[in-house]
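Breakdown of the fold
Below, each chain spelled out in residue letters.
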Amino acid sequence: MAIPDRKGHFAEFGGRYVPETLMFLLNDLEQQYKLLKNDPTFKQEFQSLLKDYAGRPTRLYYAQRLSQYLKTLKVYLKREDLLHTGAHKINNTLGQILIAKRMGKKRIIAETGAGQHGVATATASALFGLECEVYMGAEDVKRQALNVYRMQLLGAKVISVQSGSQTLKDAMNEAIRDWVTNVDNTFYMIGSVAGPHPYPLIVRDFQAVIGREAKKQFLALEQSLPDYLLACVGGGSNALGLFHAFFKDKTTKMIGVEAAGLGLSTHHHAAPLAVSEVGVLHGSKSHVMQTPSGQIRIAHSIAAGLDYPGVGPEHAYYQKIGRAEYVFVSDHEAIEGLKLLSETEGIIPAMETSHAIAYLSKLARTLKRKRTVIVCLSGRGDKDVDAIKELL
Ligand SMILES: *Cc1c(COP(=O)(O)O)cnc(C)c1O
C-alpha cells in the first residue's frame, strides 16, 4: 500500500477528520496540488524563488570545534538559519503562495504561535502583493511582540485570538473558521506537517529540499551516507524536510527531538510522541497531548515554535514502524545547547533548534567510535536573545 494512501493515511495516522464544508475545500486543494506538483512551470517558478529570493541551496557546514568537543561525533550543520527570514519556514510559504496564485486566491490567512510562520507567510504575501491576515493567540501576541510588529511592517493584519488558552491551537481553530466562511477568495497556509490531508503532504514536499540538498552535499564531502540525522520536532516540518530523502537509506538513523519543557511528568511539555496518546487535533489523527477525558492539553516549551500539543502524522508513522526514534530535551538542557553552539562555533541557534543541539551531547556519550551526523539548523536565535537574557 502506498504511504500515504489516497486519503492521506500514514497507517492509522493522518487522514481528514473535518466537517462536510471543509471536505469540499480540501478535495479542491488536493486536486490542484496533484496537477501543480508535476507542472514544469510551477516547479521552475518554485526553484527560482528558493534560489534567488530565499537563498538556496543552504550550506552544509562541518562544525569542527563542536565535533572536537563532542569527541565521538563529526557534526555537519544544515544551515537553514541562513535563509531569508532566518528559518526553514520560508521554503513552505513560498511553495504554498504559488498554489494560492494558481488557484486565483487574493487573500492569505495563516495561524502562528511564535510568529515565525506568520512572518514567513506575511513575507511571501508581500512578495506577491496578496492581502494577508494572521491569527495569533492573545497570549502569544503579548509574548512575541517583535514578530507581531514585523508582520505589520510586512503589510499583514494580525488578529489576536481571545478564545481558549489564547495560544497556537486556538489560533488554528479561528483560521479554519475563517477559511470555511471565506473560501471563495481565501487560501489557508498551514505552517507545519500537521492539519488535514493534503497539508501534511504538501508541507513535507516543500521542505524535502532540505534533505535532498544535504544528501548530495554530504555524499560529495564524505563519499558515504551519514550515520545519524538529527532535528527538533514541533509540528515536525524541519525534521521531515531533512529525513524524507533518506527514508530508504536504512543505515542512516533518524532522531527527532521533542520539547520536554519542565519535564514529562509535569504535563508542562510539548512531547506528544513521548507520551503516546493517539487522538484527533486540527483534522488529523496523530499523537496528541490530552487529558484522560480527551481534552487537549496546553503544551509548554521554552521554544515557542515547539509549543504545540500535536505532531505531524508522518512522524507518528515513522515512530510506529521504527524508522525514526523520538527523544526529548528539557527547557534547561536546551539553553545549554544554545550556549554550546554559540561558544564552539559562533552560531546562535533558535531556541527550537537548541533542542537538537542539546541532544548531540547525550548521543555522543553513548557512542564508542566516531560517527557522522547531520543536524538541521532550523533557525537562527536572534529572536530569542531577549528571552534568554531574562532567563540567565
Ligand atoms: C517553527 C520552528 C520550528 C518547529 O516547527 P517544525 O514544523 O517542527 O519544524 C523549529 N525551528 C524553528 C527555527 C522554527 O521557527
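Residues numbered from 1 in each chain as written. Predicted model: local features only at pLDDT ≥ 70, side-chain atom pairs only at ≥ 80, totals over all residues. Heavy atoms only, no water.

A word on the site of the ligand. In the vicinity of the ligand, 17 residues are found, and the nearest of them are Lys89, Ser192, Gly234, Gly236 and Ser237. Between the ligand and the protein, one listed contact pairs an oxygen atom with a side-chain N or O atom of histidine 88 at 3.0 Å. Within the backbone of glycine 235, one N or O atom sits 3.3 Å away from an oxygen atom of the ligand. Its free accessible area being 380 Å², the ligand has 98% of it covered by the protein chains. Both domains that furnish three or more residues to the shell around the ligand are identified here as domain 1 (17–49 + 89–203) and domain 2 (56–86 + 208–391). (Near = heavy atom within 4 Å. Polar contact = N/O pair within 3.5 Å; in protein donor to acceptor, adjacent residues only side chain to side chain. Areas by Shrake-Rupley, 256 points an atom, 1.4 Å probe, with all protein chains shown as cover. Domains from an automatic or database assignment.)

If you check helix α1 (residues 20–37), its first and last C-alpha atoms are 26 Å apart, about what 18 residues at 1.5 Å a residue would give, namely 26 Å. Taken residue by residue, α1 has Leu22, Leu25, Leu26, Leu29, Glu30, Tyr33 and Leu36 as its buried positions. Seen from one end, α1 has its buried residues packed into an arc of 140°, which puts them on one side. When the buried face of α1 is taken as reference, the exposed residues oriented beyond 90 degrees from it are Glu20, Phe24 and Leu35. Summarising the contacts, the buried residues of α1 are in contact with α2 (40–54), α4 (89–102), α8 (168–181), β8 (186–189) and α9 (199–207). (Helix = DSSP H or I, 4+ residues; strand = E, 2+ residues; numbered from the N terminus. Expected span 1.5 Å × (residues − 1). Buried < 20%, exposed > 50% of the residue type's maximum accessible area, 1.4 Å probe, protein only. Arc of directions from axis to C-beta. Contact = heavy atoms within 4.5 Å.)

Moving on to the confidence of the model for the protein. Mean pLDDT over the protein: 95, with 100% of residues reaching 70 or higher. Mean pLDDT across the secondary structure elements of the protein bottoms out at helix α16 (residues 385–391), with 86, and peaks at strand β9 (residues 228–232), with 99. (pLDDT = per-residue confidence, 0-100.)

Further remarks concern the sheet that holds strand β6 (residues 131–137). Strands sit in the order β7-β6-β5-β8 across an open sheet of four strands; the sheet is parallel. Two strands lie at the open edges of the sheet, namely β7 (157–161) and β8, each paired on one side alone. Taken pair by pair, the neighbouring strands of this sheet meet at an average axis angle of 25°, ignoring direction. By the bridge criterion, four bridges tie strand β5 (residues 107–112) to β8 in an arrangement that is parallel. (Pairing = 2+ DSSP bridges. Axes fitted to C-alpha atoms, helices over the stretch in contact; angles between N-to-C directions.)

Residue proline 4 is bonded to the preceding isoleucine 3 through a cis peptide linkage, with omega at -5°. Following the sequence through the fold, proline 4 ends up in the segment before β1 (9–10). Going from histidine 197 to proline 198, the amide bond is cis rather than trans, its omega being 15°. With respect to the secondary-structure elements, proline 198 resides in the loop between β8 and α9.

Another aspect to go through is the pattern of salt bridges. Using the criterion set out here, one finds 28 salt bridges in the structure. Between aspartate 170 and lysine 169 there is a salt bridge, with the nearest N and O atoms lying 3.6 Å from each other. Here the salt bridges share partners, and the residues they tie into one network are Lys37, Arg204, Asp205 and Glu314. (Salt bridge = Lys/Arg side-chain N within 4 Å of Asp/Glu carboxyl O.)

Attention now goes to the packing of aromatic side chains. For the coordinates displayed, the defined rule picks out ten aromatic pairs. Judged by centre distance (6.2 Å) and plane angle (70°), the rings of tryptophan 179 and tyrosine 199 are edge-to-face. In this pair, tryptophan 179 sits in helix α8 while tyrosine 199 sits in helix α9, placing the two residues 20 residues apart along the sequence. Comparing tryptophan 179 with tyrosine 199, the two get one shared label, buried. Of the aromatic side chains, those joined through ring pairs into one cluster are Tyr33, Phe42, Phe46 and Phe206. (Phe/Tyr/Trp six-rings, centres within 6.5 Å; stacked < 30°, edge-to-face > 60°.)

The next thing to look at is the sheet that holds β9. Spatially, β3-β4-β14-β9-β10-β13 is the arrangement adopted by the six strands of the open sheet, whose pairing is mixed. In this open sheet, the two edge strands, each paired with only one partner strand, are β3 (60–62) and β13 (324–330). Each strand axis lies, on average, 30° off the axis of its neighbour in the sheet, ignoring direction. Looking at chain direction, strand β4 (residues 73–78) and strand β14 (residues 371–376) are connected through six bridges and run parallel. If you follow tyrosine 76 over to β14, its bridge partner there is isoleucine 374. Where helix α10 (residues 209–222) meets the sheet, its contacts fall on β3, β4 and β14, and the angle it forms with β4 comes to roughly 135°.

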